[in-house]
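Below, each chain spelled out in residue letters.
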Amino acid sequence: MTNQKGRFGIHGGQYIPETLMNAVIELEQAYEHYKNDPDFQRELSDLLANYAGRPSLLYYAEKLTNTLGGAKIYLKREDLNHTGSHKINNVLGQALLAKKMGKTRLIAETGAGQHGVATATAAALLGMECVVFMGEEDTKRQALNVYRMKLLGSKVVPVTSGTATLKDAVSEAMREWTSRIDDTHYCLGSVMGPHPFPTIVRDFQAVISKEAREQILEYEGRLPDAVIACVGGGSNAIGSFYNFINDKDVRLIGCEAAGRGIDTFETAATVNTGRLGIFHGMKSYFCQDEYGQIAPVYSISAGLDYPGIGPEHAHLHDIGRAEYVPVTDDEAVDAFEFLSRTEGIIPAIESAHAVAHAMKIAPEMGKDKIIIVTISGRGDKDCAAIARYRGEDIYE
Amino acid sequence: MSKIREAFAGGKAFIPFITCGDPDLETTGRIVREMAANGADLIELGIPFSDPTAEGPVIQGANIRALSGGVTTDRIFAFVEELRKDVSTPMVFMTYANVVYSYGAEKFISTCRRIGIDGIILPDLPFEEKDEFLPVCREYGVDLISLIAPTSADRIAMIAKEADGFIYIVSSLGVTGVRSKITTDISALVKVIRENTDIPCAVGFGISTPEQAAEMSRYADGVIVGSAIVRQIAEYGRDSAGPVGEYVRKMKAALK
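Every chain begins its residue count from 1, and numbering advances along the sequence as written. Naming scheme: in the order in which they are written, chains are lettered from A and ligands are numbered from 1. Per-residue local features of the predicted model are confined to residues with pLDDT of at least 70, and side-chain atom pairs are confined, for both listing and counting, to 80 or more; whole-chain, interface and lining totals are unaffected and use all residues.

Looking now at the overall build of chain A. Helix and strand assignments come from DSSP, with helices taken as H or I runs of at least 4 residues and strands as E runs of at least 2, each series counted from the N terminus. For chain A, the count of helices and strands is 16 helices and 14 strands. Based on C-alpha atoms, the radius of gyration is set beside the globule rule, defined as 2.2 Å times the residue count to the power 0.38. Its C-alpha atoms give chain A a radius of gyration of 19 Å, near enough to 21 Å, the size a compact globule of 396 residues would have. Each of the three principal axes of chain A carries a C-alpha extent, and together these read 55 × 45 × 45 Å. Exposed residues have 12 or fewer other C-beta atoms within 10 Å of their own C-beta, buried residues have 20 or more, and partly exposed residues fall in between, where C-beta atoms are placed from the backbone. Here chain A holds 396 residues, and the buried ones make up 62% of them.

Residues and elements named next belong to chain A. Residue ranges for the domains trace back to a domain assignment, done automatically or taken from a database. The assigned domain composition of chain A is domain 1 (8-48 + 87-201) and domain 2 (54-84 + 207-389). Distance from the C-alpha centre of domain 1 to the C-alpha centre of domain 2: 22 Å. Any residue pair is listed as a contact if its two C-beta atoms, each placed from the backbone, are within 7 Å. If you look at the interface, domain 1 gives 39 residues, while domain 2 gives 38 residues. Secondary structure elements with two or more residues in the side of domain 1 that touches domain 2: β2 (11-15), α4 (87-100), α5 (114-126), α6 (136-141), α7 (143-151), α8 (166-179) and α9 (197-205). Per element, the largest residue contribution to the side of domain 1 that touches domain 2 is five residues, and it comes from β2. Note that Gly is not counted as nonpolar here; it falls among the polar residues with everything else outside the nonpolar set of Ala, Val, Leu, Ile, Met, Phe, Trp, Tyr, Cys and Pro and the charged set of Asp, Glu, Lys and Arg. Considering only residue class, the side of domain 1 that touches domain 2 consists of 17 nonpolar, 18 polar and four charged.

A word on α7(A). All names here are of chain A. Looking at α7, one finds that the buried residues are Asn145, Val146, Arg148 and Met149. Along the long axis of α7, the arc covered by the buried residues comes to 160°, so they all point the same way. In this structure, the buried residues of α7 make contact with α5, β6 (129-135), α6 and β7 (155-159). In the segment just after α7, Gly153 is the residue with positive phi, at about 95°. Arc, as used here, means the arc of the directions from the helix axis to the C-beta atoms.

Quick look at the packing of helix α3 (residues 57-68) of chain B against helix α11 (residues 227-236) of chain B now. Residue and element names in this part refer to chain B. Note on geometry: axes are C-alpha line fits, over the in-contact stretch for helices, and angles between N-to-C directions span 0 to 180 degrees. Following both chains from N to C, one finds α3 and α11 inclined at 50°, their axes separated by 9 Å at the closest point. By the angle between their directions, the pair α3 and α11 is classed as oblique. Two packed elements cross with a definite hand, and for α3 against α11 that hand is left-handed. Along the contact surface, α3 presents Val58, Ile59, Gly61 and Ala62, while α11 presents Ser227, Val230, Arg231, Ile233 and Ala234. Within the contact of α3 with α11, the residues separate by chemical class into six nonpolar, two polar and one charged. Here is the rule for angles: anything less than 35 degrees is roughly parallel, anything more than 145 is roughly antiparallel, 65 through 115 is roughly perpendicular, and the remaining ranges are oblique. Two helices that cross are described as forming a left-handed crossing if the nearer one is turned anticlockwise from the farther one by less than a right angle, and a right-handed crossing if clockwise.

Glancing now at the sheet that holds strand β13 (residues 322-328) of chain A. All names here are of chain A. Whether two strands pair comes down to DSSP finding at least two bridges between them. With mixed pairing, the six strands of this open sheet are ordered in space as β3-β4-β14-β9-β10-β13. Looking along the sheet, the strands with just one partner apiece sit at the ends: β3 (58-60) and β13. Strand after strand, the sheet turns through a mean of 30° between neighbouring axes, direction not considered. Contacts between helix α10 (residues 207-220) and the sheet are confined to β3, β4 (72-77) and β14 (370-375), with β14 contributing the most and set at about 145° to the helix. Contacting β4, β9 (226-231), β10 (251-259), β13 and β14, helix α15 (residues 349-361) crosses the sheet at an angle of about 145° to β9.

Okay, the environment of A:Ser56 next. As for its position among the elements, A:Ser56 is in the loop between α2 (38-50) and β3. You can call A:Ser56 buried: it has 24 C-beta atoms within 10 Å.

Residue and element names in this part refer to chain A. For the pair α2 and α4, interaxial distance at closest approach is 10 Å and the crossing angle is 140°. Comparing the axis directions of α2 and α4 gives the class oblique. For the crossing formed where α2 meets α4, the hand is right-handed. Side by side, α2 and α4 meet where Phe40, Glu43, Leu44, Leu47 and Leu48 of the first sit next to Asn89, Leu92, Gly93, Leu96 and Lys100 of the second. Residue composition of the contact of α2 with α4, grouped by class: six nonpolar, two polar and two charged.

Looking now at the sheet that holds strand β12 (residues 281-286) of chain A. Strands pair in a sheet through their backbones, by hydrogen bonds, and they do so in one of two ways: parallel or antiparallel. All names here are of chain A. Read across the sheet, four strands follow the order β1-β2-β12-β11 without closing on themselves; strand pairing throughout is antiparallel. Each of the sheet's edge strands pairs with one partner strand only, and the pair in question is β1 (7-8) and β11 (275-279). Judged from the two bridges that link them, β2 and β12 form a sheet pairing that is antiparallel. By the bridge assignment, Tyr15 is partnered in β12 with Gly281. In the packing of helix α13 (residues 311-318) onto the sheet, the strands contacted are β1, β2 and β12, and the crossing angle to β12 comes to about 45°.

All names here are of chain A. Taking 1.5 Å of rise per residue, the 14 residues of α4 would be expected to cover 20 Å, and the 20 Å separating its terminal C-alpha atoms lies within 8% of that figure. The element α4 is extensively covered by neighbouring structure, given that eleven of its 14 residues are classed as buried. Where α4 is concerned, the buried positions are Lys87, Ile88, Asn89, Asn90, Val91, Leu92, Gly93, Gln94, Ala95, Leu97 and Ala98. Note on α4: the residue one or two positions beyond its end, Gly102, has a positive phi of about 90°. A helix's residues, less one, multiplied by 1.5 Å, set its expected span.

With that settled, the discussion passes to the confidence of the model for chain B. Averaged over chain B, the pLDDT score is 96; the fraction of residues at 70 or greater is 100%. For this predicted complex, the interface confidence reaches an ipTM of 0.97, while the overall pTM sits at 0.97. You can read pLDDT as the predictor saying how much it trusts each residue, on a scale of 0 to 100.

Attention shifts here to the interface of chain A and chain B. Of the residues lining the interface, 29 residues belong to chain A; the matching set on chain B comes to 33 residues. Contributing elements (two or more residues each) for the side of chain A that touches chain B: β2, α1 (18-34), α8 and β11 of chain A. It is α8(A) that provides the largest number of residues to the side of chain A that touches chain B, a total of six residues. By residue class, the composition of the side of chain A that touches chain B is eleven nonpolar, 15 polar and three charged.

Let us now look at the nonpolar core. To define a nonpolar core, we join buried Ala, Val, Leu, Ile, Met, Phe, Trp, Tyr and Cys residues through C-beta atoms within 7 Å and take the resulting set. In this structure, B:Ile169, B:Ala202 and B:Val223 are the most contacted members of the largest nonpolar core, which totals 222 residues. It is α15(A) that provides the largest number of residues to this core, a total of seven residues. Residues lining this core come from more than one domain, with at least three contributed by each of domain 1 (8-48 + 87-201) and domain 2 (54-84 + 207-389) of chain A.

Quick look at the environment of B:Val190 now. All names here are of chain B. With respect to the element layout, Val190 can be found in helix α9 (residues 186-196). Residues Val190 and Asp221, spaced 31 residues apart in sequence, show a C-alpha to C-alpha distance of 9.7 Å. In contact with Val190, not counting residues within four places along its chain, are Cys201, Tyr219 and Ala220.

A few words on the pairing of β14(A). Residues and elements named next belong to chain A. Summarising burial for β14: six of the six residues are buried, a large majority. Judged by which residues are buried, β14 turns out to be covered on both faces: Ile370, Ile372 and Thr374 on one side and Ile371, Val373 and Ile375 on the other are all buried. Sheet topology places β4 next to β14; six bridges connect them, and they run parallel. What sits directly across from Leu75, in β14, is Val373.

Laid out in structure tokens, this is it:
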């Protein structure tokens, strides 16, 4: 009989080496215990409010709205969180949980470096050791974040295997976890990997839509017509969608990184170009060849440059509850610049994928419609890379 | 008796591993024949995967060399079919769940049966997920091998009771790779396994020397060696068959 634990429809599961099974079972038991523990919740709420700066603003982007001439656009400002992205929501939860479990060391993977910085930050705050695995390619395009992690007292291990990007950083973090489990918690940064990670990370990120739903009801007296977020593994997107899933009239739109286009091989748009597979602990959609070899994906955004998608997103796609649309590098860079000039907000290049899609659909929607776009992170880290994309060399 | 049980029937078994297509299938064929001629009791054939998360750097390197040489699952099936004309040693595939899943479980496993593959080892398929492939494996008489790790603890009995073929005991924490010392109490693991099943168990991960093999065979029914062999293939390339054959002969002798 198949164990249905940790399944979202047919997706999810626990496809990991036997060596890690007791570790994920222990994690699941600890999480089940602490998620209903008032002391744990009080401590976490306190950290989120007084350290991370929650609740984050739901900002009415009036100038953007008027410029596009269609639906009213609100921005959920996760970029204003401490450390500059939504990643801190999950990391504070997991780090606190790990500490309760008696772990003294955190390991993490990172793509753009946002999750690595958040993990390094929590480790510094809670007095834990921290090692971050980052594809060597990404350490180059996100040099500033590498320095931030080191400044925060973490060790950064450049990963040279495979394509030297996010998927290889995940593989290396998993390898490291199998070699050292007793004192180490793998602080996974997205809604992916083996059960219970997709559930734990989603629960910690669901604060985004919990706040956004209350805020929009307060400001507009009604729910939005669409919620838009970028999707790599999908943690800010599931966080943005979660409390709207039962509101059937709210369109949920995930923006995948199409790189140079979904008709090229240089893409990371998993739902649009991938197929069902088993990798990194889960069954879901993956970019892969006919023999199941994982594809070397590409996106300008190091944070979305991943060949898979979280199992809950795969399920929301299957049942038609959420739509997943491709956004190219060019469109994202245009949006990055457009939002900067229009609203004075520099979004992360990841978040710019969501902005780009809002720019496409808002003008076609009536002025009485409402869109919420999640700005998952701030774009300072991307300035050098975008300058290069535009043919300008700057020194950080 | 299944062919895998036969591999353990003549005393302690020596089980060498090789990645198919590293550096090419012709070389793999020569090496497998040398392994068989020098006393290998069961041969583990790796089907390369782009992202082998249970492997250390040595076998990761073999996977990359094999894939960049253009090897595919279909080419490996054709290769094994040819090999089976003159090699009768029991053989199992070692690969990752996605390689089987993406090919189609039934198509993959029925092909194994047809070309003479006796079992499959999938390091990313734990007990909880084995039903993904187990019913098809049992239907076609291809043993789905169970792994037991140093961290398995209270899970050993559950896994052992339902195991087919042989049990693969992971000697150490971490990924595959040569280790100077194995600190896990293998005899304690085997004791719990024995209370729950009578199928053979073999120890792998980290073993490279005849002394380590002799030590492990005091507790287990067989010894698996991967990285130490793959390292020789990385060194000697297309001329590996001789040195690997000699190595297999020495390791097998240490088990007698």
